[in-house]
Every structure is written in structure tokens, then in C-alpha cells.
Amino acid sequence: MSRMTIPDIHEKYEHGEKLAMLTAYDAPIARQVDNSGVDMILVGDSAGDNHLGYDDTLQITLEEALSNTAAVDRAAENAMVIGDLPFLSYGSSMEESVKNAGRFIKEAGADAVKLETPPHGTTSIEIIDRLTELGMPVQGHIGLTPQRMNQIGGGYVQGRGDENSTTVEALIDTAEQIEEAGAFSLVLEAVTEETGKRIAEAVDIPTIGIGAGRYVDGQVLVITDALGLSKESYRLSKQYADLNSIISDAVESYVDEVQNGVFPAAENAFDPIDKDK
Ligand code: KIV
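Treat the numbers as computed from the prediction; the structure is a model and nothing was measured. (Residues numbered from 1 in each chain as written. Predicted model: local features only at pLDDT ≥ 70, side-chain atom pairs only at ≥ 80, totals over all residues. Heavy atoms only, no water.)

Draft legend 1. Broad picture of the sheet that holds strand β2 (residues 40-43). Around the barrel, which closes on itself, the eight strands sit in the order β1-β2-β3-β4-β5-β6-β7-β8 with parallel pairing between neighbours. When strand polarity is set aside, the average angle formed by the axes of neighbouring strands in this sheet is 25 degrees. The pairing of β2 with strand β3 (residues 80-84) spans four bridges and is classified as parallel. If you follow L42 over to β3, its bridge partner there is I82. Packing against the sheet, helix α9 (residues 193-202) makes contact with β5 (138-143), β6 (185-189) and β7 (207-210), and its axis sits at approximately 170 degrees to β6. (Pairing = 2+ DSSP bridges. Helix = DSSP H or I, 4+ residues; strand = E, 2+ residues; numbered from the N terminus. Axes fitted to C-alpha atoms, helices over the stretch in contact; angles between N-to-C directions. Contact = heavy atoms within 4.5 Å.)

Here's what the structure looks like:
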């Protein structure tokens, strides 16, 4: 079976089928996510805080992001794999942006790349235009754009049109320009439900929401939040399992068995003669 393609994604969108995307950062989780029917796996820069132990997404390096993407690529057979361009791996020059995005496709095996665009962000819109012209599929990302966290000053919901939040109109205009530049889909992060709905109506590419309400074309969650591996929980997310408890129970049982001589048992030890044991 081959991986989901852009025509497959667009066909589902045209038929009004909701699209499911999850993040993954390593092969074991990517294998599970891939086998469970998601359309797209995003190897997000959220790996920074959710996988690599940094404070936020800003610190993840290009090499780390490429290594995560390559691990997911090796595991994924069905879902489209999207590599997320880290902070400052794009934007300093067109040449650098094309070269770095190209490494996700050529070296890490991604099927597409994602990059963030601030309201009316002409630089990243030009980059989307160039990448798509060269044959690199791009997923846009607007609304709350964590790579600008130092500028925004916090996780403010966007589309409210106040001092911490851009207007719906600015987001719609940016979404339309991203579509025009050739992006095949668009992530909307932490926007009011009304904003999500209006953007989804304004563009003709699938909108994938995370905290964008019910009227967009698909959803994405950060896998560690969905599986209960995160330190905090967020209103925009939903926890579908409690892996923190499952893992700590398992590790406590292991430690207990080692300390009490229960593990290893005879069945875990090798016989000097019988090669089946
Ligand atoms: O890096 C990431 O996980 C993301 C999603 C929140 C869309 O960009």
C-alpha cells in the first residue's frame, strides 16, 4: 500500500470527509499512528518540548527535525508524512529556505513540508510559492504561530481583534494568499471557532484545526497530549489515553520484580546445552 497523496487528501476533502492528522516524532509511535488510520503524520517542531525536552519549539535544530522526520518516514506506510520546518530554517534567504526544505524531502523522506506564516507574512508566502513551484508540497500554518512566541508574548487565541490577537480579516487574507501561493492544506492553530469557520469557507484547500473549532475540514493533535504523556492538559486538546500512568505502573512493577528477585525468572535465562532455551 502506498502513502496518502495530495490527490487522495483533496478527494476526501471534496467528498466532505474529515481529515485526521497527528504528530509523531519517532518510529514506534509513528508505526502505531500510521496503522490506526490517520491521513497525515506531522513531524512537528513541537518535538522540541514534547520529545526532546526543550522549553519550547524554538530550540529544535534542523538536524534534530530531519532525524525525527527520517525515523517517522521509515515507519509510515499509509499516511502522508509532513516535515515541519524549524524556527529560522526558512526565511533568512530564499536559497537557504529552498535548500533546507529540500533536505526534508530528499534526505528525510517527507512527502511535504509545513511552515508558519504570520498575518500578511509576505516572506513566508513567497517561500511557499517557490517551494511549490519546485515540486515541494507545502502545508501552511496560521493563527497562533508558536515560532513567533517571543513576539506574541503568550498562547493567545487569534482572530479576536484585540491587542494580543489579530483580526479575522487579517487571517482570512493571509489564508487566501497561502492558497494562491500553492499550499495544499492549511493548519489553523488556536483561533476562535468563528474564525476557523470563515477561513474554511474562504479557501478551497483543506483547513486542519488545532483549537479552531468544529467547522474546519480536519483536526490535528500533538500525540503526547492525545496519549496522556504530557505534563499539562490544554483546552484545545483531548486526552484519549493515560500513558503516563500505564508507563509508571509498568516501570514500578519492573523495579519491584528486579529488587525482589522475581525478574529474571528461569524462563528468561539461557541453557548451556539446549539451544531452544
Ligand atoms: O509542531 C506541531 O506540532 C504543530 C501542530 C500544533 C500543528 O505545528
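Draft legend 2. Layout of the nonpolar core. Ranked by internal contacts, the top residues of the largest apolar core, which has 69 residues, are M40 and L131. Residues within four places of M40 in sequence aside, it is in contact with I9, L19, A20, M21, L22, A79, M80, I82, Q139, F184 and I208. (Core = buried A, V, L, I, M, F, W, Y, C linked by side-chain atoms within 4.5 Å. Buried < 20%, exposed > 50% of the residue type's maximum accessible area, 1.4 Å probe, protein only.)

Draft legend 3. A negative patch on the surface, seen in detail. On the surface, a cluster of negative charge is contributed by D242, D249, E252, D256 and E257. Within the fold, D249 resides in helix α11 (residues 243-259). The class for D249 is partly exposed, based on a relative accessible area of 48%. (Patch = residues over 30% accessible without salt bridge, like charges linked within 9 Å, V, L, I, M, F, W, Y side chains within 5 Å. Areas by Shrake-Rupley, 256 points an atom, 1.4 Å probe, with all protein chains shown as cover. Salt bridge = Lys/Arg side-chain N within 4 Å of Asp/Glu carboxyl O. Lys, Arg positive; Asp, Glu negative; His and termini not counted. Charge placed at Lys NZ, Arg CZ, Asp CG, Glu CD.)

Draft legend 4. Structural view of helix α6 (residues 122-133). Along its twelve residues, α6 runs 16 Å from first to last C-alpha, staying within 8% of the 16 Å computed at 1.5 Å per residue. Burial in α6 covers these residues: S124, I125, I127, I128 and L131. With its buried residues spanning 155 degrees around the axis, α6 presents them on a single face. At its buried positions, α6 is contacted by α5 (94-106), β4 (112-116), β5 and α8 (168-181). (Expected span 1.5 Å × (residues − 1). Arc of directions from axis to C-beta.)

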